[in-house]
Amino acid sequence: MNPTRHPWRPTRRRLTDTLLAALVPVAACSVTLGGLTTWVSAGKAGTPPRIDVSNARVFLPYGDTTDTAAFFDIANSGGADDRLTGVTSEDVRGKITLSRHRMTGGGAAYAEGVESAAVPAGGELSMSPQGIDSVLRAGADWRTGDLVAFTLHFRHSDPVHVPAVVVRPGS
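Rules of the game
- Residues numbered from 1 in each chain as written.
- Predicted model: local features only at pLDDT ≥ 70, side-chain atom pairs only at ≥ 80, totals over all residues.
- Heavy atoms only, no water.
- Helix = DSSP H or I, 4+ residues; strand = E, 2+ residues; numbered from the N terminus.
- Buried < 20%, exposed > 50% of the residue type's maximum accessible area, 1.4 Å probe, protein only.
- Contact = heavy atoms within 4.5 Å.
- Areas by Shrake-Rupley, 256 points an atom, 1.4 Å probe, with all protein chains shown as cover.
- 1 Å grid on protein atoms, 1.4 Å probe; cavity = no way out; pocket = protein on both sides within 12 Å on 5 of 7 lines; lining within 4 Å.
- Points joined across faces, edges and corners; volume = space filled by probe spheres on them.
- Lys, Arg positive; Asp, Glu negative; His and termini not counted.
- Salt bridge = Lys/Arg side-chain N within 4 Å of Asp/Glu carboxyl O.
- Expected span 1.5 Å × (residues − 1).
- Bend = angle between axes of the 7 residues up to and from the residue.

J.: Which residues make up the overall build of the protein chain, and what values do they have?
T.: Counting secondary structure elements, the protein chain contains one helix and ten strands. Starting at the N terminus and walking to the C terminus, you meet the elements of the protein chain as α-β-β-β-β-β-β-β-β-β-β. The 171 residues of the protein chain split such that 31% are buried. In the protein chain, of all internal contacts separated by at least 6 residues, the share reaching a separation of at least 24 is 65%. A total accessible area of about 11,100 Å² is found for the protein chain, and carbon and sulfur atoms account for 57% of it.

Here is the structure:
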């Protein structure tokens, strides 16, 4: 052991290695903190979904069928995605199901049941006969202009109660 050198005294090489080893995590934390600060400043952090339902309508069935569909425009002005998980109504007999309509290669349409439908943050879900709708059994006494009460259920948001107007298909 060299008497002029003390083992506890750091050398220039040790100091350089220590500073370089510390620089990587400090730089990573700084970049992450900068990104999070930008996200918070933009108002996107911590804002839950904010659901608003408009343009609620239910088709008056035609012909001999009592099955029909209800449609809603669902806007999410919040900073987090949500999902429509179901639709209920005390004015409807039986279960209401969510359905997606698709076109086949030959031009025919078919419907498939879906568990839920996305309502993206800052976006909307506009239900239509060509996309997502709610399939239900209509009341025998429904007339054009009647109001039918529905409750829309979401994965993260509180249920939304909305009246839908009965309309003729195509109007």
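J.: Residue-level account of the layout of surface pockets, with values.
T.: In this model, the largest pocket occupies a volume close to 180 Å³. Phe59, Tyr62, Thr68, Ala69 and Pro169 are, among the 13 residues lining the largest pocket, the residues nearest its centre. For the lining of the largest pocket, the leading source of residues is strand β2 (residues 67-76), giving four residues.

J.: Outline the side chain of arginine 57, listing residues and values.
T.: As for its position among the elements, arginine 57 is in strand β1 (residues 51-59). Although buried, arginine 57 forms no salt bridge, and the nearest oppositely charged side chain, aspartate 73, lies 4.2 Å from it. Those residues in contact with arginine 57 that lie beyond four places of it in its chain are Ala69, Ala70, Phe71, Phe72, Asp73, Met127, Ala164, Val165 and Val167.

J.: I'd like a description of helix α1 (residues 12-41), backed by residues and values.
T.: In this model α1 runs 42 Å from its N-terminal to its C-terminal C-alpha over 30 residues, within 8% of the 44 Å that 1.5 Å per residue would give. At leucine 23, α1 shows its largest kink, close to 25°, and the proline proline 25 lies no more than four residues downstream.

J.: I'd love a proper account of the side chain of serine 134, names of residues and values included.
T.: The residue serine 134 is located in strand β8 (residues 132-137) in this model. Once residues within four sequence positions are removed from consideration, serine 134 is found in contact with Thr68, Ala69, Ala70, Phe72, Val87, Ile96, Thr97, Leu98 and Met127.

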